[in-house]
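# Residue-level structure breakdown
Next come the chains, spelled out residue by residue.
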Amino acid sequence: VILRMILPSLFFLGFFFALRGRTGGYHASTETGCLIGTMVIYLAVMELFLPFFMRHGEAVIACVAFSVFSVIAFAPVNHPNLGFDREELAQYKKRSRIVLSGEIAVIAALTFLGVRHEYVISSILGMSVCAFLICLAKAVKQEVREIEGR
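In what follows, the accompanying structure is described. Residue numbers run consecutively from 1 along every chain, following the written order of its sequence. Whole-chain, interface and lining totals are the exception, using all residues; otherwise, since this is a predicted model, local features are given only for residues with pLDDT of at least 70 and side-chain atom pairs are given and counted only at 80 or more. To obtain the side-chain values, all non-hydrogen atoms of the structure were included, while hydrogens and water were left out.

Secondary structure elements are taken from DSSP: a helix is a run of H or I of four residues or more, a strand is a run of E of two residues or more, and numbering for both begins at the N terminus. Helix and strand counts for the protein chain come out as 5 helices and 0 strands. Its helices and strands in sequence order give the protein chain the pattern α-α-α-α-α, from N to C terminus. Here the C-alpha radius of gyration of the protein chain, 16 Å, is about what a compact globule of 150 residues would show, namely 15 Å. Projected onto the principal axes, the alpha-carbon positions of the protein chain cover approximately 50 × 35 × 20 Å. Using a 1.4 Å probe on the protein chains alone, a residue whose accessible area is under 20% of its type maximum counts as buried, one over 50% counts as exposed, and one in between counts as partly exposed. Among the 150 residues that make up the protein chain, the fraction classed as buried is 37%. Note that the radius of gyration is over C-alpha atoms, with the globule rule given as 2.2 Å times the number of residues to the power 0.38.

For the rest of this paragraph, the subject is the packing of helix 1 (residues 6-23) against helix 2 (residues 31-55). The axes are straight lines fitted to the C-alpha atoms, using for helices just the contacting stretch, and the angles between their N-to-C directions are given from 0 to 180°. One can describe the packing of helix 1 onto helix 2 by two numbers: an axis separation of 11 Å at closest approach and a directional angle of 120 degrees. When the interaxial angle is binned, helix 1 and helix 2 end up oblique. When the axes of helix 1 and helix 2 are compared, the crossing they make is right-handed. Contact residues: helix 1 offers Pro8, Ser9, Phe12 and Leu13, while helix 2 offers Tyr42, Val45, Met46 and Leu50. We call two directions roughly parallel when the angle between them is under 35 degrees, roughly antiparallel when it is over 145, roughly perpendicular when it lies between 65 and 115, and oblique otherwise. Left-handed is the label given to a crossing in which the near helix is rotated counterclockwise from the far helix by less than a right angle, and right-handed is the label when the rotation is clockwise. Should any heavy atoms of two residues lie within 4.5 Å, those residues are counted as being in contact.

Where helix 1 contacts helix 4 (residues 86-112), the two axes come as close as 7 Å, and the packing angle between them is 160 degrees. Between helix 1 and helix 4, the angle is such that the two are roughly antiparallel. For helix 1 against helix 4, the interelement crossing comes out left-handed. Seen from helix 1, the contacting residues are Phe11, Gly14, Phe15, Ala18, Leu19, Gly21, Arg22 and Thr23; seen from helix 4, they are Tyr92, Arg95, Ser96, Val99, Leu100, Glu103, Val106, Ile107 and Leu110. For the contact of helix 1 with helix 4, the class distribution of residues is 10 nonpolar, 4 polar and 3 charged. Here the term charged refers only to Asp, Glu, Lys and Arg, the term nonpolar to Ala, Val, Leu, Ile, Met, Phe, Trp, Tyr, Cys and Pro, and the term polar to all other amino acids, Gly among them.

Right, let's get into the state of the cysteines. Whenever a pair of cysteine sulfur atoms sits within 2.5 Å, that pair is classed as a disulfide. This model, assessed by the stated rule, comprises 0 disulfides. Just so you know, Cys63 is unpaired, no disulfide at all, and the nearest cysteine sulfur is the one on Cys135, 12 Å from it. Cys135 carries a free sulfur, and the closest cysteine sulfur to it, the one in Cys130, is 9.8 Å from it.

Residues Ile6, Leu7 and Leu10 make up a contiguous nonpolar surface patch of roughly 270 Å² in combined accessible area. Counting through the fold element by element, Ile6 comes out in helix 1. Judged by its relative accessible area of 41%, Ile6 is partly exposed. Patch definition: residues with relative accessible area over 30% and no salt bridge; like charges joined within 9 Å; nonpolar side chains (Val, Leu, Ile, Met, Phe, Trp, Tyr) joined within 5 Å. Accessible surface is estimated by sampling points in the Shrake-Rupley manner with a 1.4 Å probe; for residues, cover comes only from the protein chains shown. Salt bridges are defined as contacts in which a side-chain nitrogen from Lys or Arg sits within 4 Å of a carboxyl oxygen from Asp or Glu.

The subject of this paragraph is helix 1. Residue count minus one, scaled by 1.5 Å, sets the expected span of a helix. Taking 1.5 Å of rise per residue, 18 residues should cover 26 Å, and helix 1 covers 25 Å from first to last C-alpha, within 8% of that figure. Buried within helix 1 are the following residues: Pro8, Ser9, Phe12, Phe15, Phe16, Leu19, Arg20 and Thr23. Buried residues of helix 1, seen end-on, are gathered within an arc of 145 degrees and therefore sit on one face of the element. In the core, the buried residues of helix 1 are packed alongside helix 2, helix 3 (60-74), helix 4 and helix 5 (117-139). Positive phi shows up at Gly24, right after helix 1, with a value of about 70 degrees. Each C-beta atom gives one direction from the helix axis, and the arc is the one those directions make.

Now for the packing of aromatic side chains. Between 30 and 60 degrees the pair is tilted, below 30 it is stacked and above 60 it is edge-to-face, where a pair is any two Phe, Tyr or Trp rings, Trp via its six-membered ring, whose centres lie within 6.5 Å. If you walk through the whole model with that rule in mind, you get 7 aromatic pairs. On the numbers, 6.1 Å between centres and 10 degrees between planes, the contact of Phe12 with Phe16 is stacked. Of this pair, Phe12 and Phe16 both sit in helix 1, 4 residues apart, roughly one helical turn. Assigned by exposure class, Phe12 and Phe16 land together as buried. Between Phe52 and Phe53, the aromatic rings sit 5.1 Å apart at their centres with planes inclined by 80 degrees, giving edge-to-face as the arrangement. Members of the aromatic cluster, each reached through a chain of ring pairs, are Phe12, Phe16, Phe17 and Tyr42. Only when the NZ of Lys or the CZ of Arg is both within 6 Å of the ring centre and within 35 degrees of the ring normal is a charge said to sit over the ring. Directly above the aromatic system of Tyr92 lies the positively charged group of Arg95, at a separation of 5.0 Å from the ring centroid.

As structure tokens, this is what we get:
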């Protein structure tokens, strides 16, 4: 069971971390909370969401649209531990859009090349989880304004 999930997991984690490193998003208040939250999200994606979207592929388009909209509209999240100034926010906004564009291009190429849908959907779910965490951080107001004069 675990071996069948290695490649989908790599696609999911690769896309998630590439985008998350530029967008930020919700942060748990403790390391333990972060670890537990990460494990729960990963298991939910691999055991619930991936099988669902494998059966309902048409719904994946909504995930892509949600991801694109969330990154363009809300990223990056200026978490209190980061404290970006205005210039840094602009740099991360540009970087997040570049990574998002690259991920969309890779997904399009994988689809065009006929790569297994499981890998393509895992990649899309990586982007979608990142987008969800961006929206969650905004919803709970886990963000600071840029640091002036830094």
